[in-house]
Amino acid sequence: MPVWLFLLALGLVSLTAGGWVALNIRGAATAMEASQQRGHDLRAAATGDFSPPVRWVTAAGFRAFGAAIGLAGLVLFLSGVLELLTNG
């Protein structure tokens, strides 16, 4: 498998997934925050500890992290294009 193809594929996947969360398409970031809350609720019910949840990431945090992943995917994608054009 050529390196440029690997970079293009990995970059495109990262760009798509990161952009999906960063732009909150179909409520992706809010769904991740709700999933985090449900996990806390299930742990609280299982252990009997009903203290307030520790919010380690909010929906805005998920969006910022998605933007970073999308930007990294864009860099990988463009490096794959550059590799293809120079060594093609």
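Residues numbered from 1 in each chain as written. Predicted model: local features only at pLDDT ≥ 70, side-chain atom pairs only at ≥ 80, totals over all residues. Heavy atoms only, no water.

Visitor: Explain the overall build of the protein chain to me, using residue names and the numbers behind them.
Guide: Counting its regular elements, the protein chain contains three helices and zero strands. When the helices and strands of the protein chain are read in sequence order from the N terminus, they spell out α-α-α. By the compact-globule yardstick of 12 Å for 88 residues, the protein chain is too spread out, its C-alpha radius of gyration being 18 Å. Excluding contacts between residues fewer than 6 apart, the proportion of contacts in the protein chain whose partners are at least 24 apart in sequence is 70%. A total accessible area of about 6,000 Å² is found for the protein chain, and carbon and sulfur atoms account for 72% of it. When the 5 positive and 4 negative side-chain charges of the protein chain are each reduced to one mean point, those points stand 8 Å apart. (Helix = DSSP H or I, 4+ residues; strand = E, 2+ residues; numbered from the N terminus. Rg over C-alpha atoms; globule rule 2.2 N^0.38 Å. Contact = heavy atoms within 4.5 Å. Areas by Shrake-Rupley, 256 points an atom, 1.4 Å probe, with all protein chains shown as cover. Lys, Arg positive; Asp, Glu negative; His and termini not counted. Charge placed at Lys NZ, Arg CZ, Asp CG, Glu CD.)

Visitor: Talk me through the nonpolar core; I want residue IDs and the actual numbers.
Guide: Grouped together as the largest cluster of nonpolar side chains are six residues: Val21, Ala28, Ala29, Val57, Ala59 and Phe62. Those residues in contact with Ala28, other than ones at most four positions away along the chain, are Trp20 and Val21. (Core = buried A, V, L, I, M, F, W, Y, C linked by side-chain atoms within 4.5 Å. Buried < 20%, exposed > 50% of the residue type's maximum accessible area, 1.4 Å probe, protein only.)

Visitor: Account for helix α2 (residues 28–47), with residues named and values stated.
Guide: Along its 20 residues, α2 runs 29 Å from first to last C-alpha, staying within 8% of the 28 Å computed at 1.5 Å per residue. Every buried residue belonging to α2 is among Ala28, Ala29, Glu33, Gln36, Gly39, His40 and Ala44, and all of these are buried. Buried residues belonging to α2 abut α1 (3–22) and α3 (59–87). The first or second residue beyond α2 is Gly48, which carries a positive phi of 80°. (Expected span 1.5 Å × (residues − 1).)

Visitor: Summarise a nonpolar patch on the surface; cite the residues concerned and give the values.
Guide: Residues Leu12, Leu15, Leu71, Leu74, Val75 and Leu78 make up a contiguous nonpolar surface patch of roughly 520 Å² in combined accessible area. In terms of residue count, α3 provides more of the nonpolar patch than any other element does, four residues in total. With respect to the secondary-structure elements, Leu78 resides in helix α3. (Patch = residues over 30% accessible without salt bridge, like charges linked within 9 Å, V, L, I, M, F, W, Y side chains within 5 Å. Salt bridge = Lys/Arg side-chain N within 4 Å of Asp/Glu carboxyl O.)

Visitor: Requested: an account of the packing of α2 against α3, with residues and values cited.
Guide: Relative to each other, α2 and α3 sit at 125°, their axes nearing to 8 Å. The orientation of α2 relative to α3 falls into the category oblique. You can see that α2 and α3 cross each other, and the crossing is right-handed. Residue-level contacts link Ala29, Thr30, Met32, Glu33 and Gln36 of α2 to Ala59, Phe62 and Arg63 of α3. Along the lines of polarity and charge, the residues of the contact of α2 with α3 split into four nonpolar, two polar and two charged. (Axes fitted to C-alpha atoms, helices over the stretch in contact; angles between N-to-C directions. Parallel < 35°, antiparallel > 145°, perpendicular 65-115°, else oblique. Left-handed = near helix turned anticlockwise from the far one by under 90°. Nonpolar A, V, L, I, M, F, W, Y, C, P; charged D, E, K, R; others polar.)

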